[in-house]
Amino acid sequence: MRTSPPPVSPSPAALSARGLTKTYGRGEAAVTALRGVDVDIASGAFTAVMGPSGSGKSTLLHCLAGLDTVTSGSVWLGGTELTSLTDHELTLLRRKRIGFVFQAFNLLPMLTAEQNVLLPLDLAGRRSTRHDGSDPRTDGTLAHLAETLGIADRMTHRPSELSGGQQQRVAIARALVTRPEVVVADEPTGNLDSHAGAEVLALLRQRVSEFGETVVMVTHDPVAASYADRVLLMADGVVAGELTSPTAEQVLAATAGSVVGAAR
Amino acid sequence: MILPPISATTWARLRADAGRLTAAGIAIVLGTGFAAAVLLANGVLERTAYASVTTDLAGADVVVISGVDQTGEDREIDAADARAVADLDGVAVSAPTTSTYASLVNGARSDFPTVSDLPALPGLRTPVPDEGRLPTGAGEIALSSSVADRLRTAVGEQVGVELYRETIDAAGEPSFEVVEQQLDVVGVLPGGLASQLASSGSGLVTAETMAGWNRVQGLPTGPEQLLVVADDGVSPDELRDRVTAVLPGTSVLTADEKAEETIVEFLDGVDILTAVALGFAALALFVAGFVITNTFAVLVAQRTRQLALLRCVGATRGQVRREVLGQAALLGLLASLAGVVLGTVLATIAAALVSSAQPQLELPSVVWPTALAVLVPVLAGVLVTVGAAIPPARAATRVAPLAALRPVDGPDLRRRASWLRVVLAVGFLAVGGVMLAFGLALSSSGNVYGTLVAAAGAGLTFVGVMIGALFVVPPIVSGAGRLLARLVPGDGGAAVRLAAVNGVRNPRRTTSTAAALLIGVTLVSTVAVGAATTQASLLRLFDQEWPVDVSVGGSDGADYGTDVQPELAASVLAAASGVAQVADSEPLVGTRALVSVPGQPEATDLQVLGITPERGRALSSNPLVLEPLADGTVVVPGSLAQQVAIQDGQTLRLTREGGGGIEVTAAVTDLPGRGLVLTPDDLQTLDPRAPVTRLWIDLDDSLATGDPAEAVAAVDAVRDAVSEAGVGAVLVEGAAAERATFQQVIDTLLGVLTGLLAVTVLIAVVGVANTLSLSVVERTRESALLRALGLTRRQLRGTLAAEGVLLAGAGTVLGLALGSFYGWLGAASVLGAVTDGGVLLDLPVGRLLLVVLGAVAAGLLASVLPGRRAARSAPVAALAE
């Protein structure tokens, strides 16, 4: 058991990390991606993580979301310490308490949009419900979600019949359907044109502002980051700075030269 | 076909894809190994047969037998010929010999071996007795161990030989008189394949004895053949020419020529077996082709970008095709060579197993691969591999150069059902179905070609099923998957639902994987159901002809006569019913009666037996035939009823000369034989002093399905017990031995065919594992996404296990259904004429269930390794780009 103290944060944190270190490989080939990161992701806020390639932003997200193991340090989701969980416990935690939106390959090609949206619930069994006992299939929230995300008329289609923006909106619906404590988005607009990207970001912004969801997003796009309440700037495996409710220009200035133009 | 060139890059690709090609390679190794083993076994059998026949010639280099001379007269050999040959230059030994079939008897036992008068001369390899010595005087015989065993005799005892003397009576009618002579058994000889080829065994006597037998039987007393041994340095061909020169008109053969002549029939049999086994090997390779096609289809799909890049930088379509086919050719070559090694090892192991069981066969201890056993499997393996890779290679040539620049799309799920496919499938089914029905109608009317027509029709319907499988298999897989998902509790259901969806995402691959299994399982179940149905139907025939296992005191067979049968002595009853293998027995009282049938002027003299209904039904092999038996009823055998014109339900009057009479109602059943059956009470009324004339015996049930030799031994034991009770000759008859032999023949045939088909099924199971592991590779990112979204490792493994079970299950269940249908139809058409229409469909439920369980287990097993690999990868590793 790790003995890190529980986080003491001023605002209720949805996700916290203390002393987070992640090293890949061994010996001379070892690469350290995170070097003792301390971070709190505030509940009910839209947090963006920015940084150049190799800064460790994706690794941080994966470790926070229980997708990857950590070398040392601790991660807390609400009152649960993730690093002490078994793979099975972590899987169940991801299924119920975290929502995911990835850059690409978000949807299973052989399932319809609706089946994709309900996948996290279905994985727990045909009659499974959210952790609070409600069922989106019967309480109208699925329809509402589809409505607010503008995909109500696409729900019976398969991914190959949807545009990139529509696919990402289906992925957002899936991430939200379980009412997770936090939605984790990894470059959600990376594969979209600027118009579709803006729509997706506006939707995420809206979910936070109007429905009080918690979103943490990794991006290398200053414009995308400008939708966030708070932007964490990563460099060389540590959080090197942060901005609060920045404009795109402010983000661009803060990351001058190092992010813009860098291949992702 | 010109094989594509194999370049260094082909080698490199093969090494890079080694993991993905493993299953395809194993499939080819199994198929070609099977073919190589069959060819090697054929060679070993032929050489062994030659060797043992030449052994039978006792080392002679040349054999002289009677022939026909230039004038067309028979040219017999005599002692003068033997001397003439002996005087020839280069002849070491010239031995006149004769061999004949002899009817040997010892008490109730008899055997019919070949006996020869091969002399013990230096230079001839006369058998060396295991026990005793060779015959030296008249009236002595040495027997091979198998003959001695059958006759239950040993050195120092005597056996009889029955000689048949033909006599012509005053009216000029020939008749045969049996002359029995006694022989002293002086030696026991080793058994051997040669004697088994010739007959059931062998024996040796002196020339004097042989000539004596021939004199008694009025046959020529000269030798039948001369065995000639050459001096050192004289070749058999040279010797043959010299002998031919002095004995014109005779037939002079070298030992090899003689051997070939002797075993040509045996070799024809071996060749037929080899052809059949090679047919199965071809089938196995055909199924391996499915595995190969699947493998290369996936390899090409995964290399789409790379192939497109090759096209971008200037590779032609032909070069892309050659690259794929070159890889296939190299894989086929390497796997086929490995297959030949496997086949050689298998053949060596088989030879070792057979020689440890039958040491006298003198099989080689190591089987070396022959040119044929290398070339044929390697050629077949390479051709099948390249052929199976052609469709994927064509797909590879269709990759547009621009595909290199586009992101990889998800697989296209909506494949239009080709109209051509629908038309072909329906066409084959319709034409095949019509031929099948026509063939069945033909064969039920007794036409022997009906079976051929029906078989061709069945083959066409199977082709139709294979073509149409694309429409049938995916819905079955997904339907069964959804059904299974409901049955699996908790979050396992989600895993099975995913499997059901995965099963239809690539319909072609799903179908070809299941179809590979379908072929093997259809054939296995055709054979199983056909054999069981044939067995059930023919055993019923047996039971119709023989009411009980063994009958003492008279024949119950269909052809038994109407002679008065004597009373059975109490000592005989006690002896027979005391035999260990007898489970139950019942004495029957019997008499004769004049039977008056209403409307017929004359009464018929018939035999009547009495047994209680309970005991009769208990002992009968077919209790139905005695079902109506009761006081006041007489059971009439069907054949007798037809002959005497007795109708079911008629009132018959049975009377005895000088006394009793009784009126009873006739009940005509399938009871065999020509005896009426009454209850003992009714029989007492008819004849108060009716003696026991018959004993019905029920043998231990295990004998019916066990080793026929034991059933034979059981009947022999009853026979021995009766003859030891020693009250003159008493007839002991029973079909138990024949029934068990028949059952064993079918079981053996079934076992051999199933064994041959097992290779095909094994390859198909390898195909299931192949499809699953390729799917795992293909779905790496998808699996990672699912893991991120909350699919547990167990669920991921469960998904693959369910896919394996669904794939294997679909192929198996379809195959079982088809095979049962074909098997039943096959038996119906073959037996149609024999059993006047009544073919019992007998589903060997246990065996078929075993096949289903085996398939499910194989599907599960096939998913183990792919499932482990899929579950090992961390979700994030697969998502990272």
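Along each chain, residue indices are assigned from 1 in the same order as the chain's sequence is written. The naming scheme follows written order: chains are lettered A onward, ligands numbered 1 onward. This being a predicted model, a pLDDT of at least 70 is required before a residue's local features are given, and a value of 80 or more before pairs of side-chain atoms are given or counted; all residues contribute to the totals for chains, interfaces and linings.

A. How the structure looks around the overall build of chain B. Numbering of helices and strands starts at the N terminus; helices are DSSP runs of H or I of at least 4 residues and strands are runs of E of at least 2. Looking only at helices and strands, chain B features 26 helices and 24 strands. Evaluated residue by residue, chain B yields a buried proportion of 48% over its 881 residues. In this description, a residue-residue contact is defined by the distance between C-beta atoms placed from the backbone, which must lie within 7 Å. Counting only contacts in chain B whose residues sit at least 6 apart along the sequence, the fraction spanning at least 24 positions is 82%. The exposure scheme places C-beta atoms from the backbone and then counts, for each residue, the other C-beta atoms within 10 Å of its own, assigning buried at 20 or more, exposed at 12 or fewer, and partly exposed in between.

B. Region of interest: the overall build of chain A. Along the backbone of chain A there are 8 helices and 10 strands. Throughout, the radius of gyration refers to the C-alpha atoms, and the reference size of a globule is 2.2 Å times the residue count to the power 0.38. Against the 2.2 N^0.38 benchmark of 18 Å for 264 residues, chain A shows a C-alpha radius of gyration of 18 Å, consistent with a compact globule. Taking all 264 residues of chain A together, the buried fraction comes to 49%. Pairs at least 24 residues apart make up 69% of the contacts formed inside chain A by residues separated by at least 6 positions.

C. Summary view of the pairing of strand β3 (residues 46-50) of chain A. Residues and elements named next belong to chain A. With 5 of 5 residues buried, β3 is to be regarded as a mostly interior element. Side chains F46, A48 and M50 project from β3 onto one buried face, and the interleaved T47 and V49 project onto a second face that is buried too. In this structure, β3 lies alongside strand β8 (residues 215-219), joined through 5 bridges in parallel fashion. Note on β8: the bridge partner recorded for A48 is M217. At least two DSSP bridges between two strands are required for those strands to pair. Both β3 and strand β9 (residues 230-235) contribute to a ladder of 4 bridges, which runs parallel.

D. Molecular detail of the packing of helix α5 (residues 164-177) of chain A against helix α6 (residues 194-211) of chain A. Residue and element names in this part refer to chain A. Inter-axis angles, ranging from 0 to 180 degrees, are taken between N-to-C directions of lines fitted to C-alpha atoms, where helices are fitted over the stretch in contact. One can describe the packing of α5 onto α6 by two numbers: an axis separation of 9 Å at closest approach and a directional angle of 20°. The orientation of α5 relative to α6 falls into the category roughly parallel. Where α5 crosses over α6, the handedness of that crossing is right-handed. Residues G164, G165, Q168, R169, I172 and L176 of α5 form the contact with α6, whose own contacting residues are A196, E199, V200, L203, L204 and R207. Residues of the contact of α5 with α6, tallied by class, amount to 6 nonpolar, 3 polar and 3 charged. In these notes the angle categories are as follows: under 35 degrees is roughly parallel, over 145 is roughly antiparallel, 65 to 115 is roughly perpendicular, and the rest is oblique. Definitions for this section: a left-handed crossing has its near helix turned counterclockwise from the far helix by less than a right angle. A right-handed crossing has that turn clockwise. We call Asp, Glu, Lys and Arg charged. Ala, Val, Leu, Ile, Met, Phe, Trp, Tyr, Cys and Pro are nonpolar, and the rest, Gly among them, are polar.

E. Molecular detail of unusual backbone geometry. At S245(A), a position not held by glycine, the phi torsion is positive, near 40°. Within the secondary structure, S245(A) sits in the loop between β10 (238-244) and α8 (248-254). Take S245(A): there are 12 C-beta atoms within 10 Å of it, and that puts it in the exposed class. For A645(B), which is not glycine, the phi torsion reads 60° and is therefore positive. Looking at the secondary structure, you find A645(B) in the loop between α18 (638-644) and β20 (651-655).

F. View of the nonpolar core. All names here are of chain B. Among buried residues, those of type Ala, Val, Leu, Ile, Met, Phe, Trp, Tyr and Cys that are joined through C-beta atoms within 7 Å form a set called a nonpolar core. Ranked by internal contacts, the top residues of the largest apolar core, which has 222 residues, are A27 and A284. Residue contacts for A27: discarding those within four places in its chain leaves A288, V291, I292, I763, V766 and G767. The next biggest cluster of nonpolar side chains, apart from the first, holds 56 residues, and it includes V548, V595, A667 and L683.

G. Structural detail: the interface of chain A and chain B. Contacts between chain A and chain B engage 26 residues on the former and 25 residues on the latter. Secondary-structure elements contributing two or more residues to the side of chain A that touches chain B are α2 (87-97) and α3 (113-122) of chain A. Ranked by residues supplied to the side of chain A that touches chain B, first place goes to α2(A) with 6 residues. Residue composition of the side of chain A that touches chain B, grouped by class: 14 nonpolar, 5 polar and 7 charged.

H. Expanded view of α5(A). Residues and elements named next belong to chain A. In this model α5 runs 20 Å from its N-terminal to its C-terminal C-alpha over 14 residues, within 8% of the 20 Å that 1.5 Å per residue would give. Of all 14 residues in α5, 12 are buried, a share of seventy percent or more. Its buried side turned inward, α5 meets β6 (98-101), α3, α4 (141-148), β7 (182-186) and α6. Looking at the residues trailing α5, positive phi occurs at R179, about 50°. A helix is expected to span 1.5 Å multiplied by its residue count minus one.

I. Structural context of the environment of L307(B). Residues and elements named next belong to chain B. Within the secondary structure layout, L307 lies in helix α9 (residues 304-312). Overall, L307 belongs to the buried group, with 25 C-beta atoms counted inside 10 Å. For L307 and K258, which are 49 residues apart along the polypeptide, the C-alpha to C-alpha distance reads 64 Å. Here L307 is in contact with V320, A396 and V399, once residues within four sequence places are set aside.

J. Inspection of the confidence of the model for chain A at higher detail. Residue and element names in this part refer to chain A. pLDDT is a residue-level measure of predictor confidence that goes from 0 to 100. Looking at chain A as a whole, its pLDDT mean stands at 84, while 92% of the residues score no less than 70. In the predicted structure, residues 1-10 sits below a pLDDT of 50 and forms 15 contacts with residues beyond four places in sequence or in another chain. A low-confidence stretch, residues 258-264 (pLDDT under 50), is modelled with 15 contacts involving residues beyond four sequence positions or located in other chains.

K. The arrangement of the sheet that holds strand β15 (residues 251-254) of chain B in detail. Residue and element names in this part refer to chain B. Strands sit in the order β4-β14-β1-β15 across an open sheet of 4 strands; the sheet is antiparallel. Of all strands in the sheet, those with a lone pairing partner are β4 (91-97) and β15, marking the two edges. Within the sheet, the average angular offset between the axes of one strand and its neighbour, ignoring direction, is 20°. Pairing between strand β1 (residues 62-65) and β15: 4 bridges, direction antiparallel. Each bridged residue has a counterpart across the sheet, and for V63 the counterpart in β15 is L253. Lying over the sheet, helix α3 (residues 79-86) contacts β1, β4 and β14 (225-230), oriented at roughly 170° with respect to β4.

L. Inspection of the packing of α4(A) against α5(A) at higher detail. All names here are of chain A. At a closest axis distance of 10 Å, the pairing of α4 and α5 adopts a crossing angle of 145°. Considering the relative orientation of α4 and α5, their crossing is right-handed. From α4, L142, L145 and A146 reach across to α5, where they touch A173, L176 and V177.

M. Summary view of the confidence of the model for chain B. Residues and elements named next belong to chain B. For chain B, the mean per-residue pLDDT works out to 81, and 89% of the residues sit at or above 70. In the model, residues 408-414 has pLDDT below 50 throughout and makes 12 contacts with residues more than four positions away in sequence or in other chains. In the predicted assembly, ipTM is 0.85 and pTM is 0.71.

N. Main features of the sheet that holds strand β5 (residues 80-81) of chain A. All names here are of chain A. Taken together, the 4 strands give an open sheet; going across it, the order is β2-β1-β4-β5, and neighbouring strands pair in antiparallel fashion. Only two strands of the sheet have a single neighbouring strand rather than two, namely β2 (31-42) and β5. Summarising the sheet, strand β1 (residues 13-24) and β2 pair through 9 bridges and their orientation is antiparallel. Bridging across to β2, L20 finds its partner in V37.

O. Quick peek at the environment of D38(A). Residue and element names in this part refer to chain A. You can see D38 is positioned in strand β2. With 13 C-beta atoms counted inside 10 Å, the residue D38 sits in the partly exposed group. Excluding anything up to four places from it in sequence, D38 contacts A17, R18 and G19.

P. Looking closely at the pairing of β20(B). Residues and elements named next belong to chain B. Of the two faces of β20, only one is covered, namely that formed by L652 and L654; the face formed by T651, R653 and T655 stays uncovered. Relative to β20, strand β17 (residues 582-596) runs antiparallel, the two sharing 3 bridges. What sits directly across from V595, in β20, is L654. Two strands pair when backbone bridges link them, and β20 and strand β21 (residues 661-669) are joined in this way by 5 bridges, in the antiparallel orientation. For L654, the partnering residue across the bridge sits in β21 and is I662.

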